[in-house]
Amino acid sequence: MAPKKAKRRAATGDSSNVFSMFEQSQIQEYKEAFTIIDQNRDGIISKDDLRDVLASMGQLNVKNEELEAMIKEASGPINFTVFLTMFGEKLKGADPEDVILSAFKVLDPEGTGTIKKQFLEELLTTQCDRFSKDEIKNMWAAFPPDVAGNVDYKNICYVITHGEEKEE
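Below is a summary of the structure that appears in this document. (Residues numbered from 1 in each chain as written. Predicted model: local features only at pLDDT ≥ 70, side-chain atom pairs only at ≥ 80, totals over all residues. Heavy atoms only, no water.)

We now examine the packing of helix 3 (residues 47-56) against helix 4 (residues 64-72). When two helices pack together, you describe them by how their axes are tilted relative to each other and by the distance separating the axes. Where helix 3 meets helix 4, the axes come as close as 9 Å, and the angle between the chain directions of the two elements is 115°. Of the two elements, helix 3 crosses helix 4, and the hand of that crossing is right-handed. In this structure, helix 3 contributes Lys 47, Leu 50, Arg 51 and Leu 54 to the contact, and helix 4 contributes Asn 64, Leu 67, Glu 68, Met 70 and Ile 71. Classifying every residue of the contact of helix 3 with helix 4 by side-chain character gives 5 nonpolar, 1 polar and 3 charged. (Axes fitted to C-alpha atoms, helices over the stretch in contact; angles between N-to-C directions. Helix = DSSP H or I, 4+ residues; strand = E, 2+ residues; numbered from the N terminus. Left-handed = near helix turned anticlockwise from the far one by under 90°. Contact = heavy atoms within 4.5 Å. Nonpolar A, V, L, I, M, F, W, Y, C, P; charged D, E, K, R; others polar.)

This brings us to unusual backbone geometry. Positive phi is not limited to glycine here, since Arg 41 has a value of about 55°. By the secondary structure assignment, Arg 41 is in the loop between helix 2 (24-37) and helix 3. Taking relative accessible area as the criterion, Arg 41 reaches 53% and is therefore assigned exposed. (Buried < 20%, exposed > 50% of the residue type's maximum accessible area, 1.4 Å probe, protein only.)

Moving on: the nonpolar core. Counting residues in each nonpolar core, the largest one holds 18 residues, and the members touching the most others are Ile 45, Phe 80, Phe 83 and Leu 84. Within the residue set of this core, elements represented by two or more residues are helix 2, helix 3 and helix 5 (80-92). Counting residues in each nonpolar core, the second largest holds 15 residues, with Phe 104, Ile 115, Ile 136 and Cys 157 among its members. (Core = buried A, V, L, I, M, F, W, Y, C linked by side-chain atoms within 4.5 Å.)

Turning our eyes to something else, we now look at helix 8 (residues 133-142). Buried within helix 8 we find Ile 136, Met 139 and Trp 140. Axial view of helix 8: buried residues confined to an arc of 95°, hence all on one face. Facing away from the buried side of helix 8, by more than 90 degrees, are the exposed residues Asp 134, Lys 137 and Ala 141. Check the buried side of helix 8 and you find it contacts helix 7 (117-126) and strand 2 (150-152). (Arc of directions from axis to C-beta.)

This part takes up the pattern of salt bridges. Counted by the stated rule, this structure contains 2 salt bridges. For Glu 68, the salt bridge is made with Lys 47, and the minimal N-O distance between the two is 3.2 Å. Taken together, the residues Glu 68 in helix 4 and Lys 47 in helix 3 connect sequence positions 21 residues apart. Take Lys 47: its relative accessible area is 26%, and that puts it in the partly exposed class. Close ionic contact of Lys 117 with Glu 121 constitutes a salt bridge, the shortest N to O distance being 4.0 Å. On the criterion of helical spacing, the pair formed by Lys 117 and Glu 121 is a turn pair, its members being 4 residues apart in helix 7. (Salt bridge = Lys/Arg side-chain N within 4 Å of Asp/Glu carboxyl O.)

According to the stated counting rule, one finds 6 aromatic pairs in the structure shown. Plain terms: the ring middles of Tyr 30 and Phe 87 are 4.6 Å apart, the flat faces sit at 35° to each other, and that makes the pair tilted. Taken together, the positions of Tyr 30 in helix 2 and Phe 87 in helix 5 put the pair 57 residues apart, joining distant regions of the chain. On the basis of relative accessible area, Tyr 30 is assigned to the buried category, the value being 12%. (Phe/Tyr/Trp six-rings, centres within 6.5 Å; stacked < 30°, edge-to-face > 60°.)

Here's what the structure looks like:
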């Protein structure tokens, strides 16, 4: 568990040290992910590394333009510190958990903590920033509904804001 001071700095963005934004266990998880992506083990994630790791996950026809766009999200070569900074920036951009939870609660007038899969899918595919079929498929893989077709939106909120599933 990170000290409260580090958590406060991370929450307010006061620290320029990217390592203070995360708990030690999170840094270790990101390091493991970085090592998996860095296929040639040179300490830098390249376009070829991305192509190889995507191929290992079954995505064989990734266009060069897509890979280049991924690499260009970084300000320079993607070493572990840059990789961690990119995750910090992505997580910092998310609304606080209570704000996201309040948005879901509007869709849950009975206060059950769940939303019907069919209803949520309809909203996500027809409103605003519409989800593609692949994004919907990935979401249900990550957050499978229960046998009655209900989706636990509290877990979704937690993962959006913390980057990992809550241990029950």
